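# Structural description and commentary
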Amino acid sequence: MLLKAIFSCRDCGVTYESGAPLHVGHIKPRSRYPELALELSNLQILCSECNIGKSNRSETSNFSLSN
Ligand SMILES: [Zn+2]
């Protein structure tokens, strides 16, 4: 199922089914890119652990594609 693939942490791959709390976030902030708010490619799913780790790094703008 597509949804199953979507609902897993993009960092560590833990799935919603395994009981991990997942957070949906926007790669590009919705406030600045409202047109991307519903764009699947602009969504990132993180488990709470990775989400906390990410906010500790305090940077949302250093997202980069690897090519
Ligand atoms: Zn994770």
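Residues numbered from 1 in each chain as written. Predicted model: local features only at pLDDT ≥ 70, side-chain atom pairs only at ≥ 80, totals over all residues. Heavy atoms only, no water.

### Quick word on the overall build of the protein chain
Basically, it comes down to this: Secondary structure elements are defined from DSSP: runs of H or I of at least 4 residues count as helices, runs of E of at least 2 residues count as strands, and each element is numbered from the N terminus. In this scheme, a residue with accessible area under 20% of its type's maximum is buried, one over 50% is exposed, and one in between is partly exposed, where area comes from a 1.4 Å probe on protein chains only. By definition in these notes, contact holds between two residues if any of their heavy atoms fall within 4.5 Å. Only the protein chains shown count as cover for residues, and all accessible areas are computed by the Shrake-Rupley method using a 1.4 Å probe.
If you tally the helices and strands in the protein chain, you get two helices and two strands. Reading the protein chain from its N terminus to its C terminus gives the helix and strand order α-β-β-α. Going through the 67 residues of the protein chain one by one, you find that 21% of them count as buried. Across the protein chain, contacts joining residues at least 24 apart in sequence account for 39% of those joining residues at least 6 apart. Counting every atom, the protein chain has about 5300 Å² of accessible surface; 54% of that belongs to carbon and sulfur.

### Concerning the coordination of the zinc ion
What counts is decided by this rule: Metal donors: N, O and S atoms at distances within 2.8 Å, or within 3.2 Å for Na, K and Ca, with water omitted from the atom set so that some sites may seem incomplete. Only two sets of limits are used to name each site, 85 to 135 degrees for every angle of a tetrahedral four-donor site, and over 155 degrees for opposite donors with all other angles from 65 to 115 for a square planar four-donor or octahedral six-donor site, with any other site named irregular.
Those protein atoms acting as donors to the zinc ion are Cys 9 (SG), Cys 12 (SG), Cys 47 (SG) and Cys 50 (SG), and they sit at 2.3 Å. Seen from the zinc ion, its four donor atoms lie at angles of 104 to 116°, and the figure they make is tetrahedral. Taken in sequence order, the residues that donate to the zinc ion follow the motif C-x2-C-x34-C-x2-C. With respect to burial, Cys 47 and Cys 50 carry one shared label: buried.

### Topic: the side chain of Ser 8
Mapped onto the elements of the fold, Ser 8 is located in the loop between α1 (2-6) and β1 (22-26). When neighbours within four sequence positions are excluded, Ser 8 is seen to be in contact with Gly 13, Val 14, Thr 15, Leu 22 and Ile 45.

### Some details on the nonpolar core
Filter applied, for reference: Each nonpolar core is a collection of buried residues, namely Ala, Val, Leu, Ile, Met, Phe, Trp, Tyr and Cys, held together in the definition by side-chain atoms within 4.5 Å.
Formed by Cys 9, Leu 22, Ile 45, Leu 46, Cys 47 and Cys 50, the largest nonpolar core amounts to six residues. Looking at this core, the element that brings in the most residues is strand β2 (residues 43-47), giving three residues.

### Concerning the packing of aromatic side chains
The line we're drawing: Pairing of aromatic rings covers Phe, Tyr and Trp, the last through its six-membered ring, and needs centres within 6.5 Å; plane angles under 30 degrees mean stacked, over 60 mean edge-to-face, and all others mean tilted. In our convention, an over-ring charge means Lys NZ or Arg CZ found within 6 Å of a ring centre and within 35 degrees of that ring's normal.
As enumerated under the stated definition, the model contains zero aromatic pairs in all. Residue placement shows Lys 28 over the ring face of Tyr 33; its charged tip is 5.4 Å from the ring centre.

### Some thoughts on the environment of Ile 27
Examined against the element boundaries, Ile 27 turns out to sit in the loop between β1 and β2. In this structure Ile 27 comes out as buried when scored by relative accessible area, which is 11%. Sequence spacing of Ile 27 and Ser 41 is 14 residues, and the spatial spacing of their C-alpha atoms is 8.5 Å.

Remember, this is a structural readout, not a statement about activity or role.
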